[in-house]
Amino acid sequence: MSSDNAAPDNETVWDVVVVGAGPAGASAAHAAACAGRRVLLLEKAELPRYKTCGGGIIGPSRDALPPGFELPLRERVHAVTFSLNGKLSRTRRSKHALFGLINRPEFDAALVDAAKDAGAEVRTGVAVTRVEQHGPAVPDRRTVAVVLSDGETVLARAVVGADGSASRIGAHVGVKLDQVDLGLEAEIPVPETVAEDWAGRVLIDWGPMPGSYGWVFPKGDTLTVGVISARGEGAGTKRYLEDFIARLGLAGFEPSISSGHLTRCRSDDSPLSRGRVLVCGDAAGLLEPWTREGISYALRSGRLAGEWAVRVAEAHDAVDARRQALNYAFAIKAGLGVEMGVGRRLHTVFARRPGMFHAAITGFRPAWRAFTKITRGTTTLGDLVRTHPAARRALGAMDRG
């Protein structure tokens, strides 16, 4: 073992330690391992494990997957039914698949396997309590100490925090949040006759509370049914889910899982690093503010975090480490940050006028085409506004009310 990979007392020092084995963490570990570095991926749960998530895989998610990765798809979506709080339903169809649907336990486990195949070492059932960049646990200025709940300390040249929306690593970095929403979801097993009615089709319902919406995502013999709205509307959100399930005729079926989750969007000035520690995915507050879609943001930011963590690990002083971390932040802001900016504007307008959105996407062909291009991955929200003057003018008009 070279001196670069050993502390003074001969304790192993990993090049990159990734905390959290969701899509962001597994992608970061895969990217760093593919660069030939010694990578340790830590996960507090045992895999596979359930996560509250619709499980939609849009084009940007598919394009950010490791080479050769086989998606464990449960359904391919060719049709979307839109409704406005249960009314004015209209179904739009496409000859080509719009996006795919997965179960998160299978998807996340497959991503972790891809990271293992690339050379990362994985430890599950391991909780991280904190990271330290100074103090007696840190042997030198090139090293970060990752302290586990059992008292063990793991040393690394760089750390990637991908430990979810309530991230301990995010707290260390100082992540600041701008928008917090509550998502509630039920996994509902249904008979074959009901499942057939939903095959290849999803439902998106613009909800009764500002900025809220609901969804039905079919996955074989199970329907994933959920709603989301601003935090602070817990009772209203629960009532919306109950009413939504009832009017769909699904109240008589017992959910196999009922769960809830807070989604958190970063503020524009929120940091993405501190010293030799980077954050990505939900831990960094990276998700689309309007739809609260997070998988594509997790995969894309995770891959970038893994690539830049390698450069941070190679930095021999604090100045170079800071430079590499700033480059990571620039890469995030130039891509995902631009998309989030457009998403914030859309969310603000949608919260005021959901009926206008419904009318546009169900009755205005360019709006439907934009939806299909975004879901398939041939464009993004940011690219759409930047390259299409009509979209830019429309968004500006909506901003002005």
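Everything in this summary refers to the structure shown in the same document. (Residues numbered from 1 in each chain as written. Predicted model: local features only at pLDDT ≥ 70, side-chain atom pairs only at ≥ 80, totals over all residues. Heavy atoms only, no water.)

### Structural notes on the sheet that holds strand β3 (residues 56–57)
Backbone hydrogen bonds hold the strands of a sheet together, and the pairing may be parallel or antiparallel. Spelled out, the test is: Only when DSSP finds a minimum of two bridges between them are two strands counted as paired. What counts as a helix is a DSSP run of H or I of at least four residues, what counts as a strand is a run of E of at least two, and both are numbered from the N terminus.
The strand order across the open sheet formed by three strands is β3-β7-β4, and the pairing between neighbours is antiparallel. On the outer flanks of this sheet lie β3 and β4 (73–77), each paired with one strand and no other. Both β3 and strand β7 (residues 99–102) contribute to a ladder of two bridges, which runs antiparallel. Its bridge partner being in β7, I57 is matched across the sheet by G100.

### Let's talk about the sheet that holds strand β15 (residues 222–230)
To keep things clear, this is the line we draw: A fitted line through C-alpha atoms serves as each axis, taken over the contacting stretch for helices, and the angle formed by two N-to-C directions is quoted from 0 to 180°. Any two residues having at least one pair of non-hydrogen atoms within 4.5 Å are treated as being in contact.
Read from one edge to the other, the open sheet built from seven strands follows the order β6-β5-β13-β14-β15-β12-β16, with strand pairing classed as mixed. The sheet is open, and its two borders are formed by β6 (87–93) and β16 (257–266), each paired with just one other strand. Along the sheet, successive strands turn relative to each other by an average axial angle of 20°, direction set aside. Direction of pairing for strand β13 (residues 201–206) relative to strand β14 (residues 213–219): antiparallel, over a ladder of four bridges. Each bridged residue has a counterpart across the sheet, and for I204 the counterpart in β14 is W215. Each of β5 (79–84), β6 and β13 is contacted by helix α10 (residues 365–376), which is oriented at about 125° to β5, the strand it contacts most.

### Some details on the packing of helix α1 (residues 23–34) against helix α3 (residues 104–118)
The line we're drawing: Roughly parallel means an angle under 35 degrees; roughly antiparallel, over 145; roughly perpendicular, 65 to 115; everything else is oblique. Crossing handedness is defined as follows: a turn of the near helix away from the far one that is anticlockwise and smaller than a right angle gives a left-handed crossing, while the clockwise case is right-handed. Polar here means any residue outside two lists: the nonpolar Ala, Val, Leu, Ile, Met, Phe, Trp, Tyr, Cys and Pro, and the charged Asp, Glu, Lys and Arg; Gly therefore counts as polar.
Interhelical geometry of α1 versus α3 gives an angle of 15° and a closest axis separation of 8 Å. By the angle between their axes, α1 is roughly parallel relative to α3. Considering how the two elements wind past one another, α1 and α3 form a crossing that is left-handed. Between α1, through P23, A26, A29, H30, A33 and C34, and α3, the contact on the second element is made entirely by R104, F107, D108, L111, V112, A114, A115 and A118. Class assignment of the residues belonging to the contact of α1 with α3 gives a composition of eleven nonpolar, one polar and two charged.

### Focus on the packing of helix α7 (residues 295–314) against helix α8 (residues 318–352)
Packing of α7 against α8 leaves a shortest axis separation of 9 Å and a crossing angle of 165°. What the angle tells us is that α7 and α8 run roughly antiparallel. Crossing hand, α7 versus α8: right-handed. Each of Y297, R300, S301, L304, A305, W308, R311 and V312 in α7 lies in contact with α8, whose residues at this interface are A321, Q324, A325, N327, Y328, A331, I332, L336, E339 and M340. Residue classes in the contact of α7 with α8 are distributed as twelve nonpolar, three polar and three charged.

### Looking at the pairing of strand β1 (residues 13–19)
Just so we agree on the cut-off: Remark: exposure states derive from per-residue accessible area (1.4 Å probe, protein chains only) relative to the maximum for the residue type, with buried under 20%, exposed over 50%, and partly exposed in between. Here is how to tell: hold the view so the strands point away, follow the path from the first strand over the helix to the second, and if it runs clockwise the crossover is right-handed.
In terms of residue burial, β1 counts as a mostly covered element, since seven of its seven residues are buried. As paired elements, β1 and strand β2 (residues 39–43) share four bridges and run parallel to each other. Note on β2: the bridge partner recorded for V16 is V39. Assessed by its sense of winding, the connection that carries the chain from β1 through α1 to β2 is right-handed.

### Considerations on the pattern of salt bridges
Operational definition: Definition used for salt bridges: Asp or Glu carboxyl oxygen within 4 Å of a side-chain nitrogen of Lys or Arg.
Applying the stated criterion across every chain yields a total of 15 salt bridges. A salt bridge links E132 to R130, with the nearest nitrogen and oxygen atoms 2.7 Å apart. Relative accessible area serves as the criterion here: at 17%, E132 is assigned to the buried category.

### Regarding a positive patch on the surface
Short version of the rule: Like-charged residues are merged into a patch within 9 Å and nonpolar side chains (Val, Leu, Ile, Met, Phe, Trp, Tyr) within 5 Å, provided each residue has over 30% relative accessible area and no salt bridge. The Shrake-Rupley method, run with a 1.4 Å probe, gives the accessible areas here. Residue values count only the displayed protein chains as cover. Counted as positive: Lys and Arg. Counted as negative: Asp and Glu. His and the chain ends are not counted at all. Just so you know, the charge point we use is NZ for Lys, CZ for Arg, CG for Asp and CD for Glu.
Judged by side-chain charge, R90, R365, R369 and K373 come together as a positively charged surface patch. Here the element with the most residues in the positive patch is α10; it accounts for three residues.

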